[in-house]
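A closer look at the structure
So the chains spell out like this:
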Amino acid sequence: MGSAIDVLSDMNAKKYAAERAEALKTVGSNYESLIVEFIGQTKESGDALQFLNCGTNAERVEIVRRASTEDLSYGFPKGYGELFPTLADYFSPAFEFEDAATTAYFKEYRMHKVSGSITDSFVKRAYDFVVPKTYPSRDAIMAELHTQSDVALLVVDAMGAEYMPLLLALAKRRGMNIESQAVVTAKLPTETIFNPIKWDEARILPEIKSIDNIVHNGAAKHEVSIPERNFAETLWVFETEIMNRIADGLTRFARVVVTADHGASRLAVIAHNEGKGTTLPWDGQPDAWRYSLAPQGAARPPELEQEYFPETKKTYWIVRGYNRFPKMGGKLYELHGGATLEERLVPIVVFTRNAVAEVPKQLGKKTTADVVDEFEGLI
């Protein structure tokens, strides 16, 4: 380790870093403790970044930590992407949402999430942002897909639309075929109980709960996890569990549709910790930090949205922006249940075994052929 530290600033450092990685990998699987020691000794050295090239979990966490100190408003630095491609996929500019405002929102959201900070202007943007009507409901799109008998369902709990670029970029790097895709709206409150997805039991793949578990408990339950560890672990879930579950599903079904019940907000916690979110007044104990059953006969405050469920005759008030209700306890990592874009917009991506067009079909949008067919049907 001493020799690596000695050559951090050497003109041949990149060559030495590659040679060191090969040497470490030849000693077997028990070299991560050496890397942990190296990381601890070089945290303040920018030259050490290129030596984090062995692909260990400790290095991935450290790369996220280092990325959090960069000015990400200029884009994701190439050097980080070479070492941690999946982190670069998260910031991929290749995918754009249906409207420029939503694209800009999530670009800034990702930057703040990784940097662990938030601005007053983004807090206001999250509060004021109204979901454009161009985004269809998840249930409407899923109802159409459900009629096609060769499609299996994979639900990834808490996979919000912030991860759409990551999902698409990972699939592209792995040569997986995407037939169609869409960003859609989940129901409010953005909790699993309010967002059931109807599908034939025989065509449902085992649900992935790992991301939601990280949202609630961090990377390891009963341990306090630093944000960079949680995020690195979330990216690992995409690389392994999610992509492997899709690949396995495609061995038994012609297509696999991947979606989520709801998203989650890291910034709702950051804003609260920085004193930039308001704890709203409430009489008694609310149901959750981000929503509650509406009190009888009360007028809804402007800080809340409202959703009525006719089947239960219950009305819920849902928190806008990064405010919260005064529920006992607290959440250390992320929150969901509320009405921000990252909580209520989720992806739908249809993977297929078959060769597809280079540009996937946009679900929920009528093509020119669809319009012509409908017009001819009226003649």
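Residues numbered from 1 in each chain as written. Predicted model: local features only at pLDDT ≥ 70, side-chain atom pairs only at ≥ 80, totals over all residues. Heavy atoms only, no water.

Focus on the packing of helix 10 (residues 164-173) against helix 12 (residues 227-249)
One can describe the packing of helix 10 onto helix 12 by two numbers: an axis separation of 11 Å at closest approach and a directional angle of 55°. By the angle class used here, helix 10 and helix 12 are oblique. With respect to the hand of their crossing, helix 10 and helix 12 are arranged in right-handed fashion. Residues Leu166, Leu167, Leu170 and Ala171 of helix 10 form the contact with helix 12, whose own contacting residues are Leu235, Phe238, Glu239, Ile242 and Met243. Classifying every residue of the contact of helix 10 with helix 12 by side-chain character gives eight nonpolar, no polar and one charged. (Axes fitted to C-alpha atoms, helices over the stretch in contact; angles between N-to-C directions. Helix = DSSP H or I, 4+ residues; strand = E, 2+ residues; numbered from the N terminus. Parallel < 35°, antiparallel > 145°, perpendicular 65-115°, else oblique. Left-handed = near helix turned anticlockwise from the far one by under 90°. Contact = heavy atoms within 4.5 Å. Nonpolar A, V, L, I, M, F, W, Y, C, P; charged D, E, K, R; others polar.)

Comments concerning unusual backbone geometry
Backbone torsion omega between Leu188 and Pro189 reads -10°, so that peptide bond is classified as cis. Despite not being glycine, Ala158 has its phi angle at roughly 75°, a positive value. Position of Ala158 among the secondary structure elements: in the loop between strand 1 (151-155) and helix 10. The class of Ala158 is buried, set by a relative accessible area of 2%. If you check the backbone angles, Lys313 has positive phi at about 60° while not being a glycine. Here Lys313 lies in the loop between strand 5 (304-309) and strand 6 (314-319). (Buried < 20%, exposed > 50% of the residue type's maximum accessible area, 1.4 Å probe, protein only.)

A few points about the sheet that holds strand 4 (residues 291-293)
Taking strand neighbours across the sheet as the criterion, the three strands line up as 4-6-5 in an open arrangement whose pairing is antiparallel. Two strands lie at the open edges of the sheet, namely strand 4 and strand 5, each paired on one side alone. Looking at each pair of strands side by side, their axes are set apart by 25° on average, direction ignored. In terms of strand pairing, strand 5 meets strand 6 through six bridges, oriented antiparallel. What sits directly across from Glu307, in strand 6, is Tyr316. (Pairing = 2+ DSSP bridges.)

What about the environment of Val269?
The topology assignment puts Val269 in helix 13 (residues 267-273). Distance from Val269 to Gly116, taken between C-alpha atoms, is 9.9 Å for residues 153 residues apart in sequence. The residues touching Val269, leaving out its near neighbours within four places in the chain, are Arg324, Lys331, Leu332, Tyr333, Glu334 and Leu335.

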